[in-house]
Amino acid sequence: MDFFAPVLEGFGTVLEPGNLLYCFIGVLVGMLIGVLPGLGPAATMAILLPMTFGIEPVTAIIMLAGIFYGAQYGGTITSVLLRLPGEASSVVTVFDGYQMAKQGRAGAALGVAAVGSFIGGTAAILGLTFLAPLIAGFALDFGPPEYAALSLLGVTLVATISSGNKVKALIAAAIGVFLAMVGRDVFTGTERFTFDNLSLSDGIDFVTVAMGLFGLGEILYNLEERHKAMATPEKPKRVWPTTGEFKQSAPAIGRGSILGFLLGILPGGGATISSLAAYGVEKKVAKDPSRFGKGAIEGVAGPESANNAAATSSFIPLLSLGIPANATMALMFGALLIQGITPGPLLVSDEPELFWGVVNSMYIGNILLLIMAIPLIGVFVKILSVRPAILAPITVLITLIGAYTIKNSVFDVGLVVLFGVIGYLMKKTGFEPGPLVLAFVLAELLESSVRRSLILFEGNLGEVFTRPITVTLLFVFLIVIFLPIFQKMLGRATAKSKSKELVS
Amino acid sequence: MSMTSISQTDRTDVDKPDDGENRPELPATGEEAETPEELLALWEEEAPEPAGGIANLVACALTLAFGIAGMILSWNLSLGSLTDPAPGFFPFVIALITAVLSVAQIVLGRRGGDGEKFNRYSVTVVWGIISLLVFVIALPQIGFEIPALLLSFVWMKWLGGESWRSAALYSALTVAAFYLIFVVALRTQLPHLF
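Residues numbered from 1 in each chain as written. Chains lettered and ligands numbered in written order. Predicted model: local features only at pLDDT ≥ 70, side-chain atom pairs only at ≥ 80, totals over all residues. Heavy atoms only, no water.

The next thing to look at is the overall build of chain A. Secondary structure summary: chain A contains 21 helices and 2 strands in total. Across its three principal axes, chain A shows a C-alpha extent of roughly 70 × 70 × 60 Å. The buried share of chain A, reckoned over its 504 residues, is 63%. In chain A, the proportion of contacts linking residues at least 24 apart, taken out of those at least 6 apart, comes to 78%. As displayed, chain A offers around 17900 Å² of accessible surface, 68% of which is attributable to carbon and sulfur atoms. Of note, chain A has its 32 positive side-chain charges centred 17 Å away from the centre of its 32 negative side-chain charges. (Helix = DSSP H or I, 4+ residues; strand = E, 2+ residues; numbered from the N terminus. Buried < 20%, exposed > 50% of the residue type's maximum accessible area, 1.4 Å probe, protein only. Contact = heavy atoms within 4.5 Å. Areas by Shrake-Rupley, 256 points an atom, 1.4 Å probe, with all protein chains shown as cover. Lys, Arg positive; Asp, Glu negative; His and termini not counted. Charge placed at Lys NZ, Arg CZ, Asp CG, Glu CD.)

For the rest of this paragraph, the subject is the overall build of chain B. Scanning chain B for helices and strands turns up 7 helices and 0 strands. Put simply, chain B runs from its N terminus to its C terminus through helices and strands in the order α-α-α-α-α-α-α. Each of the 194 residues in chain B was classed as buried or not, and the buried ones make up 45%. At a minimum sequence separation of 6, the contacts of chain B that also span at least 24 residues come to 61%. A total accessible area of about 10100 Å² is found for chain B, and carbon and sulfur atoms account for 68% of it.

This part is about the UniProt feature "transmembrane region" (unreviewed entry) in chain B. Residue and element names in this part refer to chain B. The residues that UniProt annotates with the feature "transmembrane region" (unreviewed entry) are residues 54-77, 89-109, 121-144 and 164-186. Its end C-alpha atoms 28 Å apart, residues 121-144 is made of 88% helix and 0% strand. End C-alpha to end C-alpha, residues 164-186 measures 31 Å, and it is 96% helix and 0% strand. (UniProt positions renumbered as here; feature names shortened; annotations may be inferred.)

Further remarks concern helix 21 (residues 468-503) of chain A. All names here are of chain A. Taking 1.5 Å per residue as the helical rise, helix 21 with its 36 residues ought to reach 52 Å, and the 50 Å between its terminal C-alpha atoms agrees with that figure. The largest bend in helix 21 comes to about 35 degrees, at F482, with the proline P484 one to four residues further on. The complete set of buried residues in helix 21 reads T470, L473, F477 and V480. (Expected span 1.5 Å × (residues − 1). Bend = angle between axes of the 7 residues up to and from the residue.)

Turning our attention to the packing of helix 5 (residues 91-102) of chain A against helix 2 (residues 36-46) of chain B. One can describe the packing of helix 5 of chain A onto helix 2 of chain B by two numbers: an axis separation of 10 Å at closest approach and a directional angle of 125 degrees. Between helix 5 of chain A and helix 2 of chain B, the interaxial angle falls into the category oblique. Between helix 5 of chain A and helix 2 of chain B lies a crossing of right-handed hand. Across the interface between the two elements, V91(A), V94(A) and F95(A) of helix 5 of chain A pack against P36(B), L39(B), L40(B) and W43(B) of helix 2 of chain B. Grouping the constituent residues of the contact of helix 5 of chain A with helix 2 of chain B by class yields 7 nonpolar, no polar and no charged. (Axes fitted to C-alpha atoms, helices over the stretch in contact; angles between N-to-C directions. Parallel < 35°, antiparallel > 145°, perpendicular 65-115°, else oblique. Left-handed = near helix turned anticlockwise from the far one by under 90°. Nonpolar A, V, L, I, M, F, W, Y, C, P; charged D, E, K, R; others polar.)

A few words now on the interface of chain A and chain B. The partner chain B presents 91 residues to the 84 residues of chain A that form the contact. The interface formed by chain A and chain B holds 9 residue pairs in polar contact (both at pLDDT 80 or more) in total. Among the secondary structure elements, those contributing two or more residues to the side of chain A that touches chain B are helix 5, helix 8 (166-180), strand 2 (191-192), helix 9 (206-224), helix 11 (270-285), helix 18 (388-407), helix 19 (410-428) and helix 20 (433-456) of chain A. If you tally residues by element for the side of chain A that touches chain B, the top one is helix 18 of chain A, at 13 residues. Residue composition of the side of chain A that touches chain B, by class: 52 nonpolar, 14 polar and 18 charged. (Polar contact = N/O pair within 3.5 Å; in protein donor to acceptor, adjacent residues only side chain to side chain.)

To continue, consider a nonpolar patch on the surface. All names here are of chain A. A surface patch of nonpolar side chains, about 500 Å² in accessible area, is lined by L478, F482, I485, F486 and M489. The topology assignment puts L478 in helix 21. For L478, a relative accessible area of 43% translates into the label partly exposed. (Patch = residues over 30% accessible without salt bridge, like charges linked within 9 Å, V, L, I, M, F, W, Y side chains within 5 Å. Salt bridge = Lys/Arg side-chain N within 4 Å of Asp/Glu carboxyl O.)

Right, let's talk about a negative patch on the surface for a bit. On the surface, E9(A), E16(A), E56(A), D350(A), E351(A) and E353(A) cluster together into a negatively charged patch. Mapped onto the secondary structure, E16(A) falls in the loop between helix 1 (4-14) and helix 2 (17-34).

Before going further, it helps to examine the packing of aromatic side chains. One pass over the full model with this rule turns up 16 aromatic pairs over all chains. Ring geometry for F142(A) against Y147(A): centres 5.7 Å apart, planes inclined by 75 degrees, an arrangement best described as edge-to-face. Residue F142(A) is classed as buried on the basis of its relative accessible area of 11%. On the basis of relative accessible area, Y147(A) is assigned to the buried category, the value being 16%. Within the aromatic cluster, the residues linked to one another by ring pairs are F95(A), Y279(A) and F292(A). In this arrangement the basic side chain of K427(A) is found over the ring face of Y221(A), its NZ or CZ atom lying 4.5 Å from the centre. Just above the ring of F118(B) sits the side chain of K428(A); from NZ or CZ to the centre is 5.3 Å. (Phe/Tyr/Trp six-rings, centres within 6.5 Å; stacked < 30°, edge-to-face > 60°. Lys NZ or Arg CZ within 6 Å of the ring centre and 35° of its normal.)

Helices that pack against each other are described as a pair by the angle of their axes relative to one another and the distance between those axes. Residues and elements named next belong to chain A. Relative orientation of the contacting elements helix 9 and helix 18 amounts to 170 degrees, with a least axis distance of 10 Å. Taken together, helix 9 and helix 18 sit at an angle that is classed as roughly antiparallel. Contacts between helix 9 and helix 18 involve V207, M211, L216 and I219 from the first element and A392, T395, V396, T399, L400, G402, A403 and I406 from the second.

Here's what the structure looks like:
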């Protein structure tokens, strides 16, 4: 009963009219902006971050969570209507979703995606409700060495699991940590890398980094692609799946939800991997796999349930350990820090209202998403019909003016532009901005934990071996770093021996 | 599959800008792709050309320079000792890691690395960046209205290929909407003329 009391109180927090309103606004705005091609959840959240300033912490995070799953669904809409996945986790939705749209069943595809997202998301929130406090309870005994190892593992896992070049991802992560060092040293108060610039003495604001790299960087990148004109979608005729289609997709939704939940907890591309895995599973269990890619509704239901479940379960490491599992969670982490809240094991016990308020808001937000998704299809089609040439400067101005309103500082607007250019160049040169942002938010925890550990160990690094959790985490870290190298070497050796065999 | 290649998938010429004569279209492709395999092959085919070894070298030389500069700056802050690390200690280690990884990538990626080639449309981005810089410089001097109007117009007309009429109309409407939201309704301290 003790467990359920704060959970129920959390519902009281969400159901306050103000919080409900912001939850609604978050989901709606997230969906509307997320539907714009090229702007996924991370970019949408980054651009809209300033909207959350000046609001109570609980309300702000409820709204951001709403923006997050609203934008997540927005990516599905473009996948189905335009064959343009808003993000990597929506790629497989294109295969059958677009075929369904071509057959005049776009409404059914979007409807089943909304229902699947709702069920997947809700199942993951249930898991989050029971699992996050358990993990947080376990992590309460963590000291600086454990946190140092955990944050190191978090940064490297995300960098190495990410889809692009692993070494470049690690370089981006290292630069992210370094940039976070700009400003006053928390231990001694010494100014670091500020070049006597007053605006830098408080450090670089996380919001400017996120808005620049994710928001403006993405817009500049899309600007280069503008010469390729975009198709205008037609408004779907039938906007709700039939009972038969629901029955057909129900098992896929169930399987996708479980798979997504489990894979989402892992750091890295949980949502992407889970949607791909769910598609593979559905194709494998289908009586007639040849239907897939030709408009099989299970090909939409499974992956969409999985990626939403994964997106929600990725809140578990963030809220219970204080370690963001992906770039979007890094944004959530930054938003919490801005509100003066440090995510981690103490969050459940110290801020139960916020923790349970945010967790329970996801139930409500998912219901709102389900209610709004279908009736708003016409609006989405209208938004997609507006030429990108008109939408782009509007999004740019939202970003720039938003950046100004954070601290009423033109310097910050300049920094957003600078990070926008860096973000664009990173994309062009194969560096992913995600690891940089993630490392940027984890840097303070990493540095303070490492320095505290060194003081604790009095310089004797052998002390690490007296702490089993730290040793285990560092062992996993070494595996993460060296496994890809071993795999590559093994692959080369096998190829060599095969070619020798062929020659002989 | 990277996001990079996804964002450049099928875009037919249905929504051609009003006066898009100076915007050469790529041929509309993709309607023939039916299966996921065909679709993936199509995305692969339409993916931009890889950046190549020189781009990898230049990019990693920059990150190497960043690492070396970081090491020098951190050294100047003093490193301290393992028992009592000074403010420069941790940044030095991170800068060192950046430098070492950059060298590794220069060697590993000498035959290509990732990324995509700059093309003739990359010039559009340069103009976009210049317009952003003009906005940042002009904002504190003359308020946001004129710079925002110019930025919108440039992005719509020259970078987006809209007609004079629609660029002028939508730019004016955009700035008016921003004025009403940020100055009148939210009463932010955004510098403004009127």
